[in-house]
Amino acid sequence: KTPPTPPVLKACNPAHLAIAATRSGDQLGYTGTVVAFENTTGTSCFMEGYPEAWFVNSAGNRLGTVSTDQGAKASRITIGPGESASTTVWAANPLVLEGNRPCQPQAPAGLNLILPGQSTVHFVPIELPGNLGICTLSTESGVSTSAIRAGTQEAIWGDG
């Protein structure tokens, strides 16, 4: 008797993910915002790579630059039903940049996010924004994302 073929693991459909962003900590002159992706289906799926992200104000206008990835190799992460994966979106801390380079910080209301392999933009409000400010003048104050990883912990800045 031939064993049943296991189902093919598919990429996570953004429509089946609960996505939340929470301002977290500061490291090396950067402020992190953890974006968590919870699988709300009864089927496992995978995520792999780096999302593209940019901060927006309450009118939906972009603040600062669109993210670049941190360049570390990204692994495929399997997310089971009810499990989570995350990325950290890093932005230069205006308190570190001001005085050195033009900054003109503004407070973001949320993030616009495009998941790896997708094209749809998702708005994600930021919980606990605190004193999060995004530089809007300097191109040196770029935004970067860490590779998607299992769980919802903050990535270490520069660790991918």
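Everything here concerns the structure above.
In short, a report on the structure.

Definitions and cut-offs
- Residues numbered from 1 in each chain as written.
- Predicted model: local features only at pLDDT ≥ 70, side-chain atom pairs only at ≥ 80, totals over all residues.
- Heavy atoms only, no water.
- Helix = DSSP H or I, 4+ residues; strand = E, 2+ residues; numbered from the N terminus.
- Areas by Shrake-Rupley, 256 points an atom, 1.4 Å probe, with all protein chains shown as cover.
- Core = buried A, V, L, I, M, F, W, Y, C linked by side-chain atoms within 4.5 Å.
- Buried < 20%, exposed > 50% of the residue type's maximum accessible area, 1.4 Å probe, protein only.
- Contact = heavy atoms within 4.5 Å.
- Pairing = 2+ DSSP bridges.

## Section: the overall build of the protein chain
When you go through the protein chain residue by residue, the secondary structure sums to one helix and 15 strands. For the protein chain, the computed accessible surface area is about 8200 Å², with 52% contributed by carbon and sulfur atoms.

## Here we look at the nonpolar core
Grouped together as the largest cluster of nonpolar side chains are 24 residues, with contacts concentrated most on V35, F37, M47, F55, V89, L111 and L113. Of all the elements in the fold, those that place two or more residues in this core are β2 (17-27), β3 (30-39), β4 (45-47), β5 (52-56), β8 (77-79), β9 (84-92), β11 (110-114) and β12 (122-127). Beyond its immediate sequence surroundings of up to four residues, L113 is in contact with I19, V35, F37, P51, E52, A53, T120, V121, H122 and V124.

## Some details on the environment of I114
Position of I114 among the secondary structure elements: in strand β11. You can call I114 buried: its relative accessible area is 14%. For the pair I114 and P14, spaced 100 residues apart in sequence, the C-alpha to C-alpha distance is 9.4 Å.

## Focus: the pairing of β9
Along a regular strand, successive side chains alternate from one face of the sheet to the other. When you tally the buried positions in β9, you get eight out of nine residues, the bulk of the element. When β3 meets β9, the two strands line up antiparallel, connected through nine bridges. Its bridge partner being in β9, V35 is matched across the sheet by T87. The pairing of β9 with strand β15 (residues 149-150) spans two bridges and is classified as antiparallel. Within β15, the residue paired with S86 across the bridge is R149. By the bridge criterion, three bridges tie β9 to strand β14 (residues 143-145) in an arrangement that is antiparallel. Within β14, the residue paired with V89 across the bridge is T145.

## Things to note about the environment of T31
Checked against the element boundaries, T31 lands in strand β3. A relative accessible area of 3% means that T31 is categorised as buried. Spatially, the C-alpha atom of T31 lies 9.7 Å from that of V143, the residues being 112 residues apart in sequence.

## Quick look at the sheet that holds strand β1 (residues 10-11)
Taken together, three strands build an open sheet; the order of strands is β1-β4-β8 and the sheet is mixed. A single partner strand is all that each edge strand has here, and the edge strands are β1 and β8. Pairing geometry for β1 and β4, over two bridges, is parallel. Within the sheet, the bridge partner assigned to K10 lies in β4 and is C45.

In short, geometric facts, not functional conclusions.
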